[in-house]
Every structure is written in C-alpha cells, then in structure tokens.
Amino acid sequence: MKIVKAEVFVTCPGRNFVTLRITTDEGITGLGDATLNGRELPVASYLEDHLCPQLIGRDAHNIEDIWQFFYKGAYWRRGPVTMSAISAIDMALWDIKAKAAGMPLYQLLGGASRSGVMVYCHATGHTINEALEDYAKHKEMGFKAIRAQCGIPGMETSYGLSKGKGLAYEPATKGHWPEEQMWSTEKYLDFAPKLFDAIRNEFGFEEHLLHDMHHRLTPIEAARFGQAVEPYRLFWMEDPTPAENQECFRLIRQHTTTPIATGEVFNSIWDCKQLIEEQLIDYIRTTLTHAGGITGMRRIADFAGLYQVRTGSHGPSDLSPVCMAAALHFDLWVPNFGVQEYMGYSEEMLEVFPHTWTFDNGYMHPGNEPGIGIGFDEELAKKYPYDPAYLPVARLSDGTLWNW
Ligand code: KDG
Ligand code: MG
C-alpha cells in the first residue's frame, strides 16, 4: 500500500493546530497531529519541505522503518520540531494500518487492558472559593481525578488560570509578542497548601487530586512543597522543577513521598531514561504528539513499566483532537497506565475534528471505528486561518526571566 499524498494543514478554530493527512493508493487516509504550541509553523515547514516529499512512494505499512528513516536518517536527532513531525507521520500511519485491518487502533496494539480510560480535568479559580466551585462542577460531571490550580494572593497572574470566570484556560496570547507574567515562589509556597486543605475539607479524599507546578521551583523548594502537602495525599505534583537536570530529582525524592510526574516537554526515550531508571519519578507525562507517536510512546511506556513508573500523558487542548483520539487508544491498551489529562475542546474545534470518543462518569473510550476514530473537515478548517499566538514568559519581581 503506497503513500501517494502527504498534506499539512494549519488551522485555528480557537487555537492553532497542525494536522498531517497521509493518503495511500488504496484510498485510505490517516491523520496525525503535529501541533507545537506557539511554534506551529516550523513543524509545518519541516513536514512540508523535508519529510512529506520523502514519504511519497513508500509502503504505508512500514511504520517502524519510516520512523527510523526520519529519526536516524536526518542525522540531526531529537528536538521538539523534528519529533513533532515524526510523531504526526507515525500517528497517521497507525491510523491507516488500523483502517486497513478494519480494527480500532487499540486492538492492533494488543487489545484493551481496561474498560475505560480515567481522565483528569482542570478545576481552577482566581480565589479558593472559585476553585472550590469549579471543583464541585467537575465532581458533579463524574470526574474521578481533578487537577486544581488557584490564583495566589499578591500575584496578578499565576499558571493555570482562565482570563475570566467561566472561560476556558488559554495561556497563549494573540500576536507576535509573548505576555510577561510575574512569579513569586515565596508567595506560592506559602499559599498552595491552603488550596488543598480547603478542597480536602470540603470534598474529602474521594477524588484523585493533582497539581501542576509548571517547572517553577528549585529542587529544595520542590522538596519542601512535597513535604508540606503530604497530608492532602496528592495523586501527583507535576513538573516540580525543570527536568533538564535530572539528578536533582533525587534530592526531591529524599524528602517527600508525594508522587512526582514529569515529561510533557520531553521528546524521546532518552529524555526519560535517567528519571525512569533511577526511579526518580512515578508518572511519565510524554505525549504522542511530541515523543514520537505510538512508536515512540510504546517504547517509553514499556521501559517505564520495568520500574513501576506509570503513564500520565499530557493532554491539554493545545494538542489537537487528533492527538487525543490516538492517546485514548494508547491508554486503553498500555499495561502501566496511570491517568490521561483531558482539558476538553470547544464546539468549533470538535466540528473541524469530528470524533468517536465518549466520556462516561470520569472514563473515556476511543470508540470502535477502524483507525483512531477522528476526522478532519478540510473545508470548515479553511474558515479558521492560522492566527499567531505565543505562550507567556515569567519574570521574578526584579525582572529576572524565570521558567513559565
Ligand atoms: O502549551 C503549553 C501547555 O501545553 C502546558 O502549559 C499545559 O502544563 C500543561 C498541562 O499540564 O496541561
Ligand atoms: Mg503541565
């Protein structure tokens, strides 16, 4: 089954998404997500100018060889741009293979290991009371795992907050200049435990409670945080410190039993190796779109399984519904599954990407259509042209650039 076409679409039904569509001589098409938030065009160009022309004429069934060809064959390895492009190709080819087999993708991977995929949602508020209201709303919807973020007194902005009450969280700002936000670790460390205290007092321990620190603390601060929140039994503290320096997670581990999750900015198994091998984390958060598609993620998950590290894939709405659809197949299969992030999508987004997944009482299922169960409405997508937007940057009060 030969590849005859590989097309790249950049569309913005509320957010910019980069979509790859591969077509074969048998008329089967597959979709892949290549979205890299705030850096969409370099991935689109890497695909269009370099990889797509080299796909034409190849056998669509040879997923592993094509993956190796683009990974090793470029000479230049890894990095978010390269790996997002390879990931999209991989996803689209698995979609095609599953359609050709007449099976939902999870069946090809080895079948379902569970009846549904536990997903976690986001509860946020500018104040603790607002966060409690939002938590109650999501609990009512049936979520069994809830991530909680809250505004910090004395700081105008903080990670994870929507721009207004009831609005979806959208960190990127339109235009060509990132928004600058202020950060204070001291204020955060003093305040954060109060949020978890209020949640556990109000709702008890029934739901899994998660929290994202978004790479902002130093290792010893993260250790202090982990220790301080132990009574609230978090499911995980996410990205406590930037993960380039992986040894430093040892220091956090020495001080706290709060589970640690990281990896949403990782691109390959090599980025995860030390953290997993030395059992410095509990959950690996790589995603299909940035870590090599099904082929890359399967290797990471199998390796993590040796060390009782479970998956907790990144799933914000800045990864397209194509990624979400494929992730649900992966999650249904992967033996060492932990949880899947699900931020949700607007109606506009879901009209462009019609899907077969379902949500029921906190669990999602990818559906049983052959392939990954996602479509792309090319005509509708044209109504939403690319609209440049950037993620914010963070600075300390004296102007020092920090980790956003
Ligand atoms: O594009 C950046 C977002 O994907 C990231 O800020 C979201 O940290 C995030 C999360 O855990 O969903
Ligand atoms: Mg995160």
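Residues numbered from 1 in each chain as written. Chains lettered and ligands numbered in written order. Predicted model: local features only at pLDDT ≥ 70, side-chain atom pairs only at ≥ 80, totals over all residues. Heavy atoms only, no water.

Student: Explanation requested: the site of ligand 1 in the structure shown.
Tutor: Near ligand 1 you find 14 residues, and of these Asn37, His214, Glu238, Glu264 and Glu341 are the closest. Separating an oxygen atom of ligand 1 from a side-chain N or O atom of glutamate 238 is a distance of 2.8 Å. Within the side chain of histidine 314, one N or O atom sits 3.1 Å away from an oxygen atom of ligand 1. Isolated, ligand 1 exposes 330 Å² of accessible area, and the fraction of that covered by the protein chains is 93%. Judged by the fraction of its atoms near the pocket grid, ligand 1 is located in the largest pocket. (Near = heavy atom within 4 Å. Polar contact = N/O pair within 3.5 Å; in protein donor to acceptor, adjacent residues only side chain to side chain. Areas by Shrake-Rupley, 256 points an atom, 1.4 Å probe, with all protein chains shown as cover. 1 Å grid on protein atoms, 1.4 Å probe; cavity = no way out; pocket = protein on both sides within 12 Å on 5 of 7 lines; lining within 4 Å. Sits in = over half its atoms within 2 Å of the grid points.)

Student: Just checking my understanding: could you explain the coordination of the magnesium ion (ligand 2) for this structure?
Tutor: Geometry reference: four tetrahedral donors at a metal, ideal angle 109.5 degrees. Six octahedral donors, ideal angles 90 or 180 degrees. The protein atoms that coordinate the magnesium ion (ligand 2) are Asp212 (OD), Glu238 (OE) and Glu264 (OE), at distances of 1.9 to 2.2 Å. Sequence spacing of the donors to the magnesium ion (ligand 2): D-x25-E-x25-E. Here aspartate 212, found in strand β8 (residues 208-212), pairs with glutamate 238, found in strand β9 (residues 236-238); they are 26 residues apart in sequence, far enough to count as distant. Looking at aspartate 212, the relative accessible area reads 3%, which means it is buried. (Donors = N, O, S within 2.8 Å, 3.2 Å for Na, K, Ca; no water. Helix = DSSP H or I, 4+ residues; strand = E, 2+ residues; numbered from the N terminus. Buried < 20%, exposed > 50% of the residue type's maximum accessible area, 1.4 Å probe, protein only.)

Student: Hey, could you run me through the layout of surface pockets in this one?
Tutor: If a probe as big as a water molecule is rolled over the atoms, it shows which places are left empty. Here the largest pocket defines a volume of roughly 1100 Å³. In this structure, the largest pocket is lined by 43 residues; those nearest its centre are His215, Glu264, Val265, Leu391 and Trp404. Of all elements in the fold, only β17 (393-395) and β18 (401-402) reach the threshold of two or more residues within the lining of the largest pocket. Of the residues assigned to the lining of the largest pocket, the class counts are 20 nonpolar, 12 polar and 11 charged. What the second largest pocket holds in volume is close to 800 Å³. As for the second largest pocket, its lining consists of 32 residues, of which His138, Leu167, Ala168, Tyr169 and Met343 are closest to the centre. In terms of residues, the lining of the second largest pocket owes the most to one element, helix α5 (residues 128-140), which gives 5 residues. Of the residues that constitute the lining of the second largest pocket, the class distribution is 12 nonpolar, 12 polar and 8 charged. Each of two domains, domain 1 (3-104) and domain 2 (108-368), supplies a minimum of three residues to the lining of the second largest pocket. (Points joined across faces, edges and corners; volume = space filled by probe spheres on them. Nonpolar A, V, L, I, M, F, W, Y, C, P; charged D, E, K, R; others polar. Domains from an automatic or database assignment.)

Student: Hey, could you run me through helix α3 (residues 80-101) in this one?
Tutor: Residue pairs three or four apart in sequence face the same way in an α-helix, which turns once every 3.6 residues. With 22 residues, α3 should cover 32 Å at 1.5 Å per step; its first-to-last C-alpha distance of 31 Å lies within 8% of that length. Judged by how many residues are buried, α3 sits mostly within the fold: 16 of 22 residues are covered. Just downstream of α3 lies glycine 102, where phi reads positive at about 70 degrees. (Expected span 1.5 Å × (residues − 1).)

Student: Would you explain the domain arrangement of the chain in this entry?
Tutor: A common way to state how big an interface is: give the accessible area lost once the parts meet. Taken as a whole, the chain is organised into domain 1 (3-104) and domain 2 (108-368). Distance from the C-alpha centre of domain 1 to the C-alpha centre of domain 2: 26 Å. Each partner contributes to the roughly 2700 Å² buried at the junction of domain 1 and domain 2, and carbon and sulfur atoms together form 58% of this total. When the buried surface of domain 1 facing domain 2 is broken down by residue, Arg15, Trp94 and Pro104 rank first, second and third, together holding 24% of it. (Buried area = accessible area lost by both parts, 1.4 Å probe.)

Student: Help me out: how do you make sense of the confidence of the model for the chain in this one?
Tutor: When pLDDT is low, close inspection of the predicted coordinates is not appropriate. Scored by pLDDT, the chain has a mean of 97; 100% of the residues are at 70 or more. Mean pLDDT values for the elements of the chain range from 91 in strand β6 (residues 173-174) up to 99 in strand β2 (residues 17-24). (pLDDT = per-residue confidence, 0-100.)

Student: Where do I start with the side chain of threonine 19 in this structure?
Tutor: Its location among the elements puts threonine 19 in strand β2. The residues contacting threonine 19, other than those within four sequence positions of it, are Glu7, Val8, Phe9, Leu31, Gly32, Val322, Phe353 and Phe376. (Contact = heavy atoms within 4.5 Å.)

Student: Help me understand α5, please; the structure alone is not making it clear to me.
Tutor: Look at α5: 18 Å from first C-alpha to last across 13 residues, which is about the 18 Å you get at 1.5 Å a residue. Of the positions making up α5, those classed as buried are Ala131, Leu132, Asp134, Tyr135 and His138. Buried residues of α5, seen end-on, are gathered within an arc of 165 degrees and therefore sit on one face of the element. In this structure, α5 carries Asn129 and Glu140 as exposed residues pointing more than 90 degrees from its buried face. Elements that come into contact with the buried residues of α5 comprise β4 (117-125), β5 (145-150), α6 (185-203) and β8. (Arc of directions from axis to C-beta.)

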